Amino acid sequence: MNKANITFFPDNKTIAVVKGTTILEAAKELGIYIQSVCGGDGVCGKCRVIVRKGTVQTEPTGLLNPEEKDEGFVLGCEAKVFEDIEVAIPPESRAGIESILLDGKKTPATSSSGLDIYSIVETIQSGDLIEEKIFHHSPLATKVFLKLPPPTLQDALSDLERIYRELKRIHHYELSPVQTGLANIKKLGRLLRDHNWEVTVTFGKRNGTTELILFEGGNTSAKNYGVAVDIGTTTVVAHLVDLVNEQTLGTKGTFNKQISHGDDVITRIIFASEKEGLAKLNLAVTENINNLISSLAEEHHIKLEDITAVMCAGNTTMTHLVLNIDPSYIRKEPYIPTANEVPVIRAAEVGIKIHPRGLLACAPAVSSYVGGDVTAGVLVSGMAEKDELALYIDMGTNGEMVLGNKDWLACCACSVGPAFEGSGIKSGTRAVQGAIQKIKINKETFEPVVETIGHAKPRGICGSGLVDLLAEMKRVGIINRAGKMTESPSPRIRTGEEGLEYVVVWKKDAETKDDIMITQSDINHIIRSKAAIFAATRTLLKKMGYRVEDVQKFYIAGGFGNFLDIPKSIELGMIPDLPAEKFHYIGNGSVAGARHLLLSYAATHKVREIANKMTYMELSDDNTFHEEFISALFLPHTDLTLFPSLK
Ligand code: FES
């Protein structure tokens, strides 16, 4: 028998796998998510599990100490299974349900951390933070009901031309040039005669032409739906939209299943170049989208055949992957994507399950590292239509910045690193249940008070918690301006394997096996990340000849950004020292932008104009950026005059 059973606890779920399968692969197949920041390369140490019955074959690793090995700990990605085993997943190795930014607000999920990572987070109401823009209603796919005059000897137009004539005459639609698929035409003659010359025509704008996508007998024009999708590196969010009355019927989000193949875009691009890697990544994200669509459709009693259009917005790599395009050139100098703007295609071509002839479009990108999520967000912000100078920032593992107004736009991107997503940090975690998001430290005793997401037992520190923690450590004097810890009589400051460390939560009070702490090397990582964000912002301003004070509006987009404490971020020197009223949270600008694009061809024109207008500045070999980066490696900065409010 070449199969072995693995039973996972506390889930108590069993799966039979081919011998030689890793524990990580088996868990994924079962829909149980184990953290795998490095994508299974055996270098991040986040996939630790305990083999409590049976044995596995594994490679030697320095990521586990001898005591842990004695307790049965193995790396899930390295441990191959050849006999029946039982595996326990410790809480810190399991990613819980993350609070997913469905729209303008981020709301922590309240489910227990034992839930399946891929379960769909329940609907969170639309936020009120997005400046609502109005575009002329002209959806990607439009349904029109026609009552055709039957042909006569005097009016002997063909069936298809009869439809064209009626669309032009009654509805004044500009259809030229027009195309219609042969499959549709073949059915048309019978359909018209069977339905007494009453027909609903679905047409879509497709790459400069109008396509008559679908003919249906009778009047079905009231049933026309579309889905706006934000494909994030970490999460995928979908809005089900009634294309007739422009109402959003429901929103749902889930983790991007590609996470099993690495946390960031670079790891995924590398994985895509492996055998069947691209196909696996494409399948993962299309499954995500299909699950969200079918769940929304079921909840709102809508048939998949009545969904005629999907509009996606994502970074350039995510857009390549959903379209099954090899993204490998994105990470090779001179960093050229295969396409910034891709044509409107049939959704079925990439496995998206809506009406088989329904359309799929993607927001245009500007470059390899400024994608459709940013152009969609800028569209929503309205900054490209105003005189005032605005700065737009989307912060994730990459930071994207756009500066400009209605006349010009300039943008850049920088690698922030995964620190604010909780990766590469000893006690880091995503913004999941139990993640520490707020910290206050007593100046005399150095004793902290922490607040966790969902008020659950602490299991790690998420991005906003790290910003809080560093700002507090600086305020009370645990670290100096260079971010260096100094020895102290406080038991919370001690010397660990990597030098000094500060214990935030003792393990007896935590959901973890070890104390929750921050090490000197973690602090160095975070300072580099915040320095990259600030340096990129300053470089963009400098190159365009502006000072920070010239910025009239500062838009912050993205999941991490949405939870940022502005004063603490300024104290850290991550964002410019501007008055609070200049900052505006955009929320999930990507999905909000995709919704506009789904509903309006005018918005599609506008976003294309935005993408074409944006001048991209490559920072990787830019001296100004490097100088700014070095200057920003202090708290808040080497030049304190840049932070007048902190004096
Ligand atoms: Fe196993 Fe990174 S060490 S996923």
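Residues numbered from 1 in each chain as written. Predicted model: local features only at pLDDT ≥ 70, side-chain atom pairs only at ≥ 80, totals over all residues. Heavy atoms only, no water.

**Q** When you look at the overall build of the protein chain in this model, what are you seeing that I'm missing?
**A** Summing up its helical and strand segments, the protein chain has 15 helices and 29 strands in all. Relative to the 2.2 N^0.38 estimate, which gives 26 Å for 647 residues, the radius of gyration of the protein chain is 27 Å and therefore close to what a compact globule would have. Across its three principal axes, the protein chain shows a C-alpha extent of roughly 100 × 70 × 40 Å. Across the 647 residues that make up the protein chain, the buried fraction comes to 59%. In the protein chain, once contacts between residues fewer than 6 apart in sequence are set aside, the share between residues at least 24 apart is 67%. Carbon and sulfur atoms form 52% of the exposed surface of the protein chain, whose accessible area is close to 25,700 Å². One finds the centroid of the 70 positive side-chain charges in the protein chain at a distance of 3 Å from the centroid of its 81 negative side-chain charges. (Helix = DSSP H or I, 4+ residues; strand = E, 2+ residues; numbered from the N terminus. Rg over C-alpha atoms; globule rule 2.2 N^0.38 Å. Buried < 20%, exposed > 50% of the residue type's maximum accessible area, 1.4 Å probe, protein only. Contact = heavy atoms within 4.5 Å. Areas by Shrake-Rupley, 256 points an atom, 1.4 Å probe, with all protein chains shown as cover. Lys, Arg positive; Asp, Glu negative; His and termini not counted. Charge placed at Lys NZ, Arg CZ, Asp CG, Glu CD.)

**Q** In this structure, what is going on with the nonpolar core? I would like to understand it.
**A** Generally speaking, a soluble globular protein has its nonpolar side chains buried in company with each other. Counting 68 residues, the largest nonpolar core has Ile-441, Leu-469, Met-473, Ile-478, Tyr-502 and Ile-518 as its most contacted members. Per element, the largest residue contribution to this core is 11 residues, and it comes from helix 10 (residues 520–543). Apart from residues no more than four positions distant in its own chain, Met-473 is found in contact with Ile-441, Ile-478, Ile-479, Met-485, Tyr-502, Ile-518 and Ile-523. Counting 46 residues, the second-largest nonpolar core is a separate cluster that includes Ala-309, Val-344, Leu-599 and Ala-603. (Core = buried A, V, L, I, M, F, W, Y, C linked by side-chain atoms within 4.5 Å.)

**Q** Would you mind showing me how to read the side chain of His-355 here?
**A** Here His-355 lies in the loop between strand 16 (345–346) and strand 17 (359–362). Residues within four places of His-355 in sequence aside, it is in contact with Leu-214, Leu-304, Glu-305 and Ile-307.

**Q** Looking at this model, I keep getting lost on the sheet that holds strand 28 (residues 583–587). Mind explaining?
**A** Strands pair in a sheet through their backbones, by hydrogen bonds, and they do so in one of two ways: parallel or antiparallel. Strand order in this open sheet of 6 strands is 28-27-18-19-20-29, and the pairing throughout is mixed. The open sheet has two edge strands with one neighbour each: strand 28 and strand 29 (614–617). Neighbour-to-neighbour, the strand axes of this sheet turn through a mean angle of 20°, independent of strand direction. Summarising the sheet, strand 19 (residues 398–404) and strand 20 (residues 409–415) pair through 7 bridges and their orientation is antiparallel. Note on strand 20: the bridge partner recorded for Gly-399 is Cys-414. (Pairing = 2+ DSSP bridges. Axes fitted to C-alpha atoms, helices over the stretch in contact; angles between N-to-C directions.)

**Q** Would you take a moment to explain the sheet that holds strand 14 (residues 248–255) for this structure?
**A** The 6 strands lie next to each other as 14-13-12-15-17-16, forming an open sheet whose pairing is mixed. Each end of this open sheet is capped by a strand with a single partner; those strands are strand 14 and strand 16. Two strands pair when backbone bridges link them, and strand 12 (residues 225–231) and strand 15 (residues 307–314) are joined in this way by 7 bridges, in the parallel orientation. Bridged to Val-227 within strand 15 is Val-310. Packed onto the sheet, helix 13 (residues 589–599) meets strand 12, strand 13 (235–242), strand 14 and strand 15 and runs at close to 150° relative to strand 12.

**Q** In this structure, what is going on with the pattern of salt bridges? I would like to understand it.
**A** Where charged atoms from two side chains of opposite charge come close, those side chains can pair. Taken as a whole and judged by the stated rule, the model has 35 salt bridges. Look at the salt bridges and you will find they share partners, linking Arg-48, Glu-68, Lys-513 and Asp-514 into a network. (Salt bridge = Lys/Arg side-chain N within 4 Å of Asp/Glu carboxyl O.)

**Q** I would appreciate a short explanation of the packing of aromatic side chains in the present structure.
**A** Where two aromatic rings form a pair, the distance of their centres and the angle of their planes describe that pair. Applying the stated rule across the entire model yields 5 aromatic pairs. Seen in terms of ring centroids, Tyr-335 and Tyr-369 are 6.4 Å apart; in terms of plane orientation they differ by 65°. Their pairing is edge-to-face. Pair noted here: Tyr-335 is in the loop between helix 7 (316–322) and strand 16 and Tyr-369 is in the loop between strand 17 and helix 8 (372–381), with a separation of 34 residues, a long-range link. You can call Tyr-335 partly exposed: its relative accessible area is 23%. The aromatic ring of Phe-73 is capped on one face by Arg-48, whose charged end is 5.1 Å from the ring centroid. (Phe/Tyr/Trp six-rings, centres within 6.5 Å; stacked < 30°, edge-to-face > 60°. Lys NZ or Arg CZ within 6 Å of the ring centre and 35° of its normal.)

**Q** Would you explain the packing of helix 10 against helix 15 (residues 623–631) in this entry?
**A** Across the interface, helix 10 lies against helix 15 with an axial gap of 8 Å and an inter-helix angle of 135°. Comparing their axes, helix 15 and helix 10 come out oblique. In the packing of helix 10 onto helix 15, the handedness of the crossing is right-handed. For the pair helix 10 and helix 15, contact is made by Arg-528, Ala-531, Ala-532, Ala-535, Ala-536, Arg-538, Thr-539, Lys-542 and Lys-543 and by Thr-624, Phe-625, Glu-628 and Phe-629, respectively. Class assignment of the residues belonging to the contact of helix 10 with helix 15 gives a composition of 6 nonpolar, 2 polar and 5 charged. (Parallel < 35°, antiparallel > 145°, perpendicular 65-115°, else oblique. Left-handed = near helix turned anticlockwise from the far one by under 90°. Nonpolar A, V, L, I, M, F, W, Y, C, P; charged D, E, K, R; others polar.)

**Q** Would you explain the environment of Thr-267 in this entry?
**A** Within the secondary structure, Thr-267 sits in helix 5 (residues 265–272). For the pair Thr-267 and Asp-41, spaced 226 residues apart in sequence, the C-alpha separation works out to 9.8 Å. Setting aside its immediate chain neighbours within four residues, Thr-267 contacts Cys-38, His-261 and Gly-262. For Thr-267, the side chain forms a polar contact with the side chain of Asp-264, separated by 2.5 Å. (Polar contact = N/O pair within 3.5 Å; in protein donor to acceptor, adjacent residues only side chain to side chain.)

**Q** Please explain the packing of helix 9 (residues 463–476) against helix 10 as it appears in this structure.
**A** Running from N to C, helix 9 and helix 10 cross one another at 105°; their axes reach a closest spacing of 11 Å. Classed by the angle they form, the pair helix 9 and helix 10 counts as roughly perpendicular. Across the interface between the two elements, Leu-466, Leu-470 and Met-473 from helix 9 touch Ile-523, Ile-526 and Ile-527 from helix 10. When grouped by side-chain class, the residues that make up the contact of helix 9 with helix 10 number 6 nonpolar, no polar and no charged.

**Q** Please explain the state of the cysteines as it appears in this structure.
**A** The term disulfide refers to a covalent linkage connecting the sulfur atoms of a pair of cysteines. Within this structure, the stated rule accounts for 0 disulfides. As a non-bridged cysteine, Cys-412 has Cys-414 as the owner of its nearest cysteine sulfur, 6.6 Å distant. The exposure class of Cys-412 is buried, given its relative accessible area of 0%. (Disulfide = S-S within 2.5 Å.)

**Q** Explanation requested: unusual backbone geometry in the structure shown.
**A** When glycine is set aside, most residues are seen to have a negative phi, and most peptide bonds are trans. Cis peptide bonds are those with omega within 30 degrees of zero, and the linkage from Glu-333 to Pro-334 qualifies with 5°. Relative to the elements of secondary structure, Pro-334 occurs in the loop between helix 7 and strand 16. With an omega of 0°, the peptide bond between Leu-635 and Pro-636 qualifies as cis. You will see that Glu-276, though not glycine, has its phi angle at about 65°, which is positive. Mapped onto the secondary structure, Glu-276 falls in the loop between helix 5 and helix 6 (277–299).

**Q** Would you explain helix 14 (residues 601–613) in this entry?
**A** Every α-helical turn comprises 3.6 residues, leaving residues that sit three or four positions apart pointing alike. Here helix 14 is 13 residues long and its end C-alpha atoms lie 18 Å apart, about the 18 Å a rise of 1.5 Å per residue gives. What helix 14 keeps buried is the set Ala-603, Thr-604, Lys-606, Val-607, Ile-610 and Ala-611. Take helix 14 and look down its axis: the buried residues cluster within an arc of 165°, on one side only. (Expected span 1.5 Å × (residues − 1). Arc of directions from axis to C-beta.)

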